[in-house]
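Tertiary structure, described
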Amino acid sequence: MESARIIATVARIVRDVGIAEEIAQDALVSALEQWPRSGVPDRPGAWLTAAAKHRAVDLVRRRETYARKLAEVGRTLSEESYDPEPSGPGDIDDDVLRLVFTACHPVLSADARAALTLRLVGGLRTDEIARAFLVPEATVAARITRAKRSLAKAGVEFEVPYGAERAARLGSVLEVVYLIFNEGYAATAGDDLLRPALCEDALRLARVLAGLMPEEGEVHGLAALLELQASRFATRTGPDGQPVLLADQNRSRWNRLLIRRGFAALERAGDGRSYGPYALQAAVAACHARAVTYEETDWRTIAALYGRLAAVAPSPVVELNRAVAVSMADGPEAGLVLVDALADGTALAGYHLLPSVRGDLLARLGRTAEARAEFERAASLTRNARERELLLGRARAAGSQ
């Protein structure tokens, strides 16, 4: 919960995100050693941050190579306090957001930027990041290691980018915020479907970005998407923590304030004809938000929006979502044709939602034995306990028909 803020604070002192992460981990180890004896402090986050800053200051003082930086920060560095740097016009005041922009330095590849930021800022494990990118875990681990080395070798500092440099990093920053939110919205593994803290952090970062870059349509598109998705948060699980499908959610409990914020952000995203990938996804979410009931959903418009999204940001996951929308607009047989085409490829071979969607379409077509097999296969692929229970329940239901 606190790791991103600790890393961001320390990175401002040591000017190296790799070293900052190591120091943050040392502080967490100290807490594990001391808290069982002394008790958990009233403000554990402040304790961890102070411990990490003490270690950072000691490191800076010990290393002659940091002598120049010590002279620059001078009296502002102390073991008792650390005053934030003064802000200038257009400056990024949020330390965590500074960390995001630093990790998204153009010296790194796009994949490495996203993986490193998800690790440092989102606190995601390598397996969770691998699921977000649909790549092997070993690939993600290698990307993160290489990214840290590349930043250190290039001497990249913890700084605020401006002008064209900031714009160059924006795409990766938006992608990272989006993926962090997604991991909170549907957790990769564990006993809970949702990780609310990740969604809250991502939404906060999206709002800060929208305030910093009011002329960037895709920044507002991302903010709109996250506001609208977050509006359903309270209805995504039942009292027992079990997932609740979109068709079964109580729409009267959707957060109307977040929906209004999402609509307003979508308007600021620009002309609908020029929407980018995030604004297009927000437009899909807006279709759901406008429908008073599930039956009133404008699936034909949603299918068309996914078609546009596939043209500007091709992805097998986008095609899977389009197949669902097509099945609702034109019938399950039409959707199954698209899903079967995806199943013939390898990109979604380990993605549990592919057999889950196929099972749903087969059940709607009355092919219950095949549907049951698909739901069971989907359950075997997911590592989230709640999703697994839901899928096994659907398999049992299909088998009883």
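Residues numbered from 1 in each chain as written. Predicted model: local features only at pLDDT ≥ 70, side-chain atom pairs only at ≥ 80, totals over all residues. Heavy atoms only, no water.

As a further point, take the overall build of the chain. Counting its secondary structure elements, the chain contains 19 helices and 2 strands. The C-alpha atoms of the chain give a radius of gyration of 23 Å, which matches the 21 Å a tight globule of 401 residues would have. Among the 401 residues that make up the chain, the fraction classed as buried is 49%. Of all intrachain contacts in the chain linking residues separated by at least 6 positions in sequence, the fraction that spans at least 24 positions is 64%. Here the chain contributes 51 positive and 53 negative side-chain charges, whose respective centroids are spaced 0 Å apart. (Helix = DSSP H or I, 4+ residues; strand = E, 2+ residues; numbered from the N terminus. Rg over C-alpha atoms; globule rule 2.2 N^0.38 Å. Buried < 20%, exposed > 50% of the residue type's maximum accessible area, 1.4 Å probe, protein only. Contact = heavy atoms within 4.5 Å. Lys, Arg positive; Asp, Glu negative; His and termini not counted. Charge placed at Lys NZ, Arg CZ, Asp CG, Glu CD.)

Turning our eyes to something else, we now look at the packing of helix H2 (residues 17-38) against helix H3 (residues 44-62). Following both chains from N to C, one finds H2 and H3 inclined at 125 degrees, their axes separated by 9 Å at the closest point. Classified by the angle between their axes, H2 and H3 sit oblique to one another. Crossing geometry of H2 relative to H3 is assigned as right-handed. Together, Ile19, Ile23, Asp26, Ala27, Leu28, Ser30, Ala31, Gln34 and Trp35 of H2 and Pro44, Trp47, Leu48, Ala51, Ala52, Arg55, Ala56 and Leu59 of H3 make up the contact between the two elements. Taken together, the residues that form the contact of H2 with H3 break down as 13 nonpolar, 2 polar and 2 charged. (Axes fitted to C-alpha atoms, helices over the stretch in contact; angles between N-to-C directions. Parallel < 35°, antiparallel > 145°, perpendicular 65-115°, else oblique. Left-handed = near helix turned anticlockwise from the far one by under 90°. Nonpolar A, V, L, I, M, F, W, Y, C, P; charged D, E, K, R; others polar.)

Turning our attention to the side chain of Ser231. When you line up the elements, Ser231 lands in the loop between helix H11 (217-230) and helix H12 (256-268). Aside from chain neighbours lying at most four places away, what touches Ser231 is Arg253, Trp254, Asn255, Leu258 and Ile259.

Moving on: the pattern of salt bridges. Scanning the model with the defined rule gives 24 salt bridges in all. Ionic pairing is found between Asp271 and Arg273, a salt bridge with its closest N-O pair at 2.8 Å. For Asp271, a relative accessible area of 38% puts it in the partly exposed group. (Salt bridge = Lys/Arg side-chain N within 4 Å of Asp/Glu carboxyl O.)

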